[in-house]
Amino acid sequence: MATRKCAAVVVGAGPAGVAVMGNLLERQLGTIAWIDPSFEAGRVHSKYREVPSNTKVSLFQAFATATQPFQKVINNTKAPNAFSALAKLDQESTCQLGYAADMVRSLTEGLMKMDDVYACHGSVRSAHLNETTSNWTIRIKQNSSEDLEIEAARLILCTGSFPTSAPIPVAGLDIQRLDLDLVLKPSDLAKTLPAEKPVTVAVVGASHSAILAILNLTTLAQTSHPLLRIRWFTRHALRYAEYKDGWVLRDNTGLKGLAADFARSELEDDKLRTSRAGQVLTKIDCAGGKEAEASQYRRYMPGCEYLVQAVGFTRGSLPDLFKNGNPLAIGFDHDSGRFHEAGNSEDVPGLFGAGIAFPERVVDPLGNEEYAVGFWKFMKFLKRVVPSWTS
Ligand SMILES: Cc1cc2nc3c(=O)[nH]c(=O)nc-3n(C[C@H](O)[C@H](O)[C@H](O)COP(=O)(O)OP(=O)(O)OC[C@H]3O[C@@H](n4cnc5c(N)ncnc54)[C@H](O)[C@@H]3O)c2cc1C
Ligand SMILES: NC(=O)c1ccc[n+]([C@@H]2O[C@H](COP(=O)([O-])OP(=O)(O)OC[C@H]3O[C@@H](n4cnc5c(N)ncnc54)[C@H](OP(=O)(O)O)[C@@H]3O)[C@@H](O)[C@H]2O)c1
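All figures in this text were calculated on a predicted structure; none of them were measured in a lab.

Draft legend 1. Quick look at the site of ligand 2. Pro 52, Ser 207, Ser 209, Arg 235 and His 236 are the nearest of the 18 residues found near ligand 2. The contact in question runs from an oxygen atom of ligand 2 to an N or O atom on the side chain of Asn 54, over 3.0 Å. Examining the composition of the shell around ligand 2, we find that three residues originate from one element, helix 9 (residues 208-222), more than from any other. Of the residues belonging to the shell around ligand 2, the class tally is eight nonpolar, seven polar and three charged.

Draft legend 2. Structural context of the layout of surface pockets. Empty space within the second largest pocket amounts to approximately 750 Å³. Residue lining of the second largest pocket: 33 residues in total, with Tyr 243, Val 248, Asp 251, Lys 256 and Lys 377 positioned closest to the centre. When residues of the lining of the second largest pocket are traced back to their parent elements, those giving at least two are helix 3 (57-64), helix 10 (257-267), strand 22 (360-363), strand 23 (369-372) and helix 13 (375-390). When the residues that make up the lining of the second largest pocket are grouped by side-chain class, the tally is twelve nonpolar, nine polar and twelve charged. Of the residues that make up the lining of the second largest pocket, three or more belong to each of domain 1 (2-162 + 314-390) and domain 2 (165-311).

Draft legend 3. Quick peek at the environment of Leu 351. Examined against the element boundaries, Leu 351 turns out to sit in strand 21 (residues 347-353). Owing to a relative accessible area of 0%, Leu 351 belongs among the buried residues under this scheme. Distance in space between the C-alpha atoms of Leu 351 and Glu 291 is 42 Å, their sequence separation being 60 residues. The residues contacting Leu 351, other than those within four sequence positions of it, are Trp 136, Leu 155, Leu 157, Leu 321, Ile 330, Gly 337, Arg 338 and Phe 339.

Draft legend 4. Inspection of the pairing of strand 2 (residues 8-11) at higher detail. With burial as the criterion, each face of strand 2 is covered, one bearing Ala 8 and Val 10 and the other bearing Val 9 and Val 11. Pairing analysis gives four bridges linking strand 2 to strand 3 (residues 32-36), with the strands arranged parallel. Bridging from a neighbouring strand, Val 11 pairs with Ile 35 of strand 3.

Reading guide: rules and limits
- Sequence positions are assigned chain by chain, starting from 1 and proceeding in written order.
- Just so you know, chain letters begin at A and ligand numbers begin at 1, following the order they were written in.
- Thresholds applied to this predicted model are a pLDDT of at least 70 for local features of residues and 80 or more for the giving and counting of side-chain atom pairs; totals over whole chains, interfaces and linings are not thresholded and use all residues.
- Each side-chain value is worked out from all heavy atoms of the structure, with water and hydrogens disregarded.
- Residues are labelled near a given molecule or strand when at least one of their non-hydrogen atoms is within 4 Å of it.
- We call two N or O atoms a polar contact when they sit within 3.5 Å, provided that within protein one can donate a hydrogen and the other can accept it, with sequence-adjacent residues counted only if both atoms are side-chain atoms.
- By the criteria applied, helices consist of DSSP H or I runs no shorter than four residues and strands consist of E runs no shorter than two, each listed in order from the N terminus.
- Throughout, the ten residues Ala, Val, Leu, Ile, Met, Phe, Trp, Tyr, Cys and Pro are labelled nonpolar, Asp, Glu, Lys and Arg are labelled charged, and all others, Gly among them, are labelled polar.
- Computed over the protein atoms alone on a 1 Å grid, cavities are sets of points where a 1.4 Å probe fits but cannot get out and pockets are open sets with protein on both sides within 12 Å along at least five of seven lines; a residue lines them when it has an atom within 4 Å of a point.
- Grid points are joined across faces, edges and corners, and a volume is the space filled by probe spheres set on the points.
- Domain segmentation is taken from an automatic or database assignment of domains.
- Classification of residues uses two cut-offs on accessible area relative to the type maximum, computed with a 1.4 Å probe and protein chains only: under 20% is buried, over 50% is exposed, and between them is partly exposed.
- Whether two residues are in contact is decided by their heavy atoms, any of which lying within 4.5 Å being enough.
- Should DSSP find at least two bridges between two strands, the strands are taken to pair.

So this is what it looks like as structure tokens:
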């Protein structure tokens with residue numbers, strides 16, 4: 001098996017992996033190996049191009065220009081391009097995530113051509129730490145050539161997350177799961193659901209994904225799928241981001257953008273009776289604890305043909321990690337971006353994480369704790385922690 005030596009290995013080429021690359025290259029550490037099966041901006045391109053952003057265009061623009069290597073890519077990319085397309089949009093508005101995905105793909109394409117980047121199409125399978133040398137040996141299954149080994153002092157995991165799947169809440173129910181990713185892509189959703197017969201879809205959840213799922217299903221019911229109905233199972237009131245003086249309450253958990261506008265105008269209890277959404281949707285209040293929730297599911301989920309769960313995101317599986325030949329169990333430190341060995345507070349040398357799977361923990365002026373998930377949030381976190389990762 002071929003072995004190479006690099007200054008660092010970055011796993012994943014979603015927005016977080018790209019942000020890590022920009023920050024590492026800026027520090028001129030030597031060659032950075034970058035591994036991803038496709039180098040196409042991660043899930044934002046493969047799944048969420050049709051999703052409206054919940055952040056302003058200006059934050060995607062800030063991301064695109066946040067590091068010197070990114071600026072070099074922009075300068076070397078013939079216009080019109082993904083950057084000029086983003087620049088033309090109203091910076092104070094939101095946009096389809098397709099624009100953000102194209103920006104990340106163009107950055108990726110430019111970074112991959114740089115001398116200090118060794119890009120490898122494949123998947124990191126395992127990483128072995130030799131404690132004596134503090135070096136990692138990283139094994140990569142390449143898409144279309146033999147396996148590869150890279151030795152590096154730093155390994156950065158930007159491996160992403162996928163929609164959480166919980167057990168179907170009523171035993172023995174004949175109900176078909178609808179993947180959240182599919183429901184967030186209206187063009188595919190329209191083709192998947194039957195248009196010519198009555199169908200009821202159960203939607204579980206009340207955060208961004210759930211509200212967009214309801215919006216997409218409602219739109220279908222009002223257009224091509226007039227027999228479609230929705231039962232919305234929610235265990236908490238709608239929560240919105242609130243813009244305070246210089247900070248945002250529920251910045252990471254509250255509804256923003258189109259989802260917030262739709263929820264405010266159509267899904268609040270005092271709107272449902274008369275709103276357009278209310279004509280095709282029944283809200284099932286599941287608040288009041290586990291027993292009350294279970295009883296609502298038992299009562300109202302039978303009769304639904306489909307179920308979409310919008311109950312958060314779960315970290316994707318990580319490469320197998322070893323220390324001195326033994327399996328290594330890790331915990332993430334959301335303040336420093338480092339990892340510690342499970343049951344031990346000492347940092348694992350040279351191992352770091354970023355992105356939706358490994359977000360920064362933030363605390364607002366009222367003491368509320370949240371995880372900072374978003375393009376610009378990843379960048380801000382990395383600008384703070386990468387200097388300590390590389391010192
Ligand atoms: C529906 C939705 C909408 C969102 N909207 C916004 C928004 O409007 N604005 C905003 O700022 N943020 C938004 N976010 C939040 C966040 O910016 C995105 O989730 C973002 O795509 C996360 O990027 P990531 O790089 O962490 O992960 P991902 O995009 O999931 O990328 C991970 C990459 O790592 C690769 N990978 C995984 N394991 C390995 C391995 N072992 N070896 C090699 N490669 C590997 C994967 O193939 C993938 O390419 C949204 C999130 C969701 C879910
Ligand atoms: N561009 C966009 O508009 C957009 C769209 C989707 C997602 N996103 C981003 O993607 C990230 C994930 O967002 P998300 O909305 O998918 O998830 P999320 O913000 O992690 O919220 C998960 C929601 O699921 C609920 N939940 C968890 N377990 C449940 C259960 N068993 N039964 C019922 N409800 C349950 C939670 O309620 P409790 O609080 O009661 O646990 C919470 O409301 C966020 O960063 C978000 O900004 C953005």
